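# Structure at a glance
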Amino acid sequence: MEYLKLFGASPTKAHKELYAQSPQWDGNKFVNLEETTMEFSWSNLPELLRKQFFDKENREPELSLPIQAFQREEFLKPSPNSKAIWYGHSALLLRIMNYNILIDPMLGDNASPIAPFKTQRFSKESIELIEELPEIDLILITHDHYDHLDFASIKKLKGKVKRYFVALGVGRHLIEWGIPKENIKEFDWWDAEDFNEIKITFTPSRHFSGRGLTDRAKSLWGGWAFRTSDENLYFSGDGGYGKYFLEVGERLGPFDFGWMECGQYNENWHQIHMYPEESVQAALDAKVKKAMPVHWGGFALALHTWKDPVSRFVEAAAKQKLNILHPQIGELLDYTSDHRLAWWETVT
């Protein structure tokens, strides 16, 4: 029964009636703003899966990537600027207006828990970090893929989280896992909520969702924007490049800082994951003044080397004159700093 819990909950008739109120629902599923397809031939799938699970050379670091120790006192200390700690892939801990916000807290060791072979995390024992974290005022979930919504992490976090803001449709999984319905708020694109003087908006992206064979695109996907009286921050969420970045910039920008999806790309699914050069362009489109690549440094979910996303992002940002940061995993980040240690270059 524990294995079946991993899938979350399938949408009921009542769920679908609720989703039908969304402009993004086409009567059967949620859809992107632009036509989006997976461009691979089913005849190539066996070879693709073979490479994914067995061809690991340079796609994973030879040794476990270290996670810097949590500086609890420094993280909780009042500060005029928001703080952030990146835990690899898309897991991000924020301190905004003295509130603790956790985005896509997938801290488990396997991004493919229902597959026959593991997709192992680059860092060991990351889920144990949850015990060190302070009380979490708010968890945000961009979409329900396993590398963003992890049953083991949610279960371990349950006792220290006050509220959950999630993409429309994701709430049913949390309820299935024992999270009280009254603690969850679901968001459609452009929905906004004032959370203790932080205006939080759910933004579009170009992606898809699903945890099994029957629930593809039965919940929404997107990113998050945070506006306070002094700051404006953007977390792009997963997604291919598209015109929506310009709209995000026009409606909600400019942003002081942005965490941009950059990793797990492949020509076969280019429309749902950006190449690093596109991640830089997306930041510029969205009027992000300073950016950081995420969705890398955690798992080998595509066939590129593990360093390729950040290396190409840094090179493209230099050409486009985009100011960037790329902290180490677990490093306490003040985004106003100019710290730019290329730490991955010394790791094999």
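Structure: above.
Quick caveat: nothing in here was measured; it's all calculated off a predicted structure.

## Quick look at the packing of aromatic side chains
- This structure, assessed with the given rule, holds 23 aromatic pairs.
- With 6.3 Å between their ring centres and 70° between their planes, Phe122 and Trp306 make a pair best called edge-to-face. Of this pair, Phe122 sits in the loop between β3 (99-103) and β4 (136-141) while Trp306 sits in the loop between β12 (290-294) and α9 (308-320), placing them 184 residues apart in sequence.
- Both rings, one in Tyr265 and one in Tyr275, keep their centres 5.9 Å apart while their planes meet at 85°; by these two values the pair is edge-to-face. Of the two residues, Tyr265 is situated in the loop between β11 (257-261) and α8 (276-285) and Tyr275 in the loop between β11 and α8; the sequence distance between them amounts to ten residues.
- Exposure remark for Tyr265: the relative accessible area of 4% places this residue in the buried category.
- A residue is classified by how much of its surface remains accessible, and Tyr275, at 23% relative accessible area, is partly exposed.

## Here's the deal with unusual backbone geometry
- The peptide bond linking Gly253 to Pro254 adopts the cis configuration, its omega dihedral lying at -5°.
- Along the polypeptide, Pro254 turns up in the loop between α7 (244-252) and β11.
- Backbone geometry at Glu125 places phi at a positive 55°, although glycine is not the residue there.
- For Glu125, the location among the structural elements is in the loop between β3 and β4.
- A relative accessible area of 65% places Glu125 in the exposed class.
- A positive phi angle, close to 50°, is found at Asn196, a residue other than glycine.
- We classify Asn196 as partly exposed; its relative accessible area is 35%.

## Focus on the pairing of β11
- Across the five residues of β11, five count as buried, placing the element largely inside the fold.
- The alternating pattern of β11 places Phe257, Trp259 and Glu261 and Gly258 and Met260 on opposite faces, both of which are buried.
- Note: strand β10 (residues 232-235) against β11, three bridges, orientation parallel. Each bridged residue has a counterpart across the sheet, and for Leu233 the counterpart in β11 is Phe257.
- Note that the unit made of β10, α7 and β11 has a crossover that is right-handed.
- Tracing the backbone out of β11, into α8 and back to the parallel element β12 gives a crossover that is right-handed.

## Observations concerning the sheet that holds strand β9 (residues 223-227)
- Strand order in the open sheet formed by seven strands is β7-β8-β9-β10-β11-β12-β13, and the pairing between neighbours is mixed. Here the strands that pair on one side only, and so sit at the sheet edges, are β7 (192-195) and β13 (323-324).
- Where β9 lies against β10, four bridges are found, and the strand directions are antiparallel. From the neighbouring strand, Trp224 faces β10, where its bridge partner is Phe235.
- Relative to the sheet, α9 contacts β12 and β13, its axis offset from that of β12 by approximately 160°.

## Remarks on α7
- The complete set of buried residues in α7 reads Tyr244, Phe245, Val248, Gly249 and Leu252. The buried residues of α7 occupy one face: seen down the axis, they fall within an arc of 145°.
- Each element contacted by the buried residues of α7 is listed here: β8 (198-203), β9, β10, β11 and α8.

## Some thoughts on a nonpolar patch on the surface
- A cluster of nonpolar side chains, namely Tyr3, Leu4 and Ile114, defines an oily patch on the protein surface of about 270 Å² accessible area.
- Take Leu4: it is sitting in helix α1 (residues 2-5).

## Examining the sheet that holds strand β14 (residues 332-334)
- Ordered in space as β6-β5-β4-β3-β2-β1-β14, the seven strands form an open sheet in which the pairing is mixed. Where the open sheet ends on each side, the last strands, each with one partner, are β6 (184-187) and β14. Sheet twist, expressed as the average angle between the axes of neighbouring strands with direction ignored, equals 20°.
- Bridge count for strand β1 (residues 83-86) against β14 is three bridges, and the pairing is antiparallel. The residue bridging Lys83 from the neighbouring strand is Asp334, located in β14.

Reading the values: rules and limits
- Residues numbered from 1 in each chain as written.
- Predicted model: local features only at pLDDT ≥ 70, side-chain atom pairs only at ≥ 80, totals over all residues.
- Heavy atoms only, no water.
- Phe/Tyr/Trp six-rings, centres within 6.5 Å; stacked < 30°, edge-to-face > 60°.
- Helix = DSSP H or I, 4+ residues; strand = E, 2+ residues; numbered from the N terminus.
- Buried < 20%, exposed > 50% of the residue type's maximum accessible area, 1.4 Å probe, protein only.
- Pairing = 2+ DSSP bridges.
- Right-handed = clockwise from strand over helix to strand, strands pointing away.
- Contact = heavy atoms within 4.5 Å.
- Axes fitted to C-alpha atoms, helices over the stretch in contact; angles between N-to-C directions.
- Arc of directions from axis to C-beta.
- Patch = residues over 30% accessible without salt bridge, like charges linked within 9 Å, V, L, I, M, F, W, Y side chains within 5 Å.
- Areas by Shrake-Rupley, 256 points an atom, 1.4 Å probe, with all protein chains shown as cover.
- Salt bridge = Lys/Arg side-chain N within 4 Å of Asp/Glu carboxyl O.

Shape is all these values report; function is a separate question.
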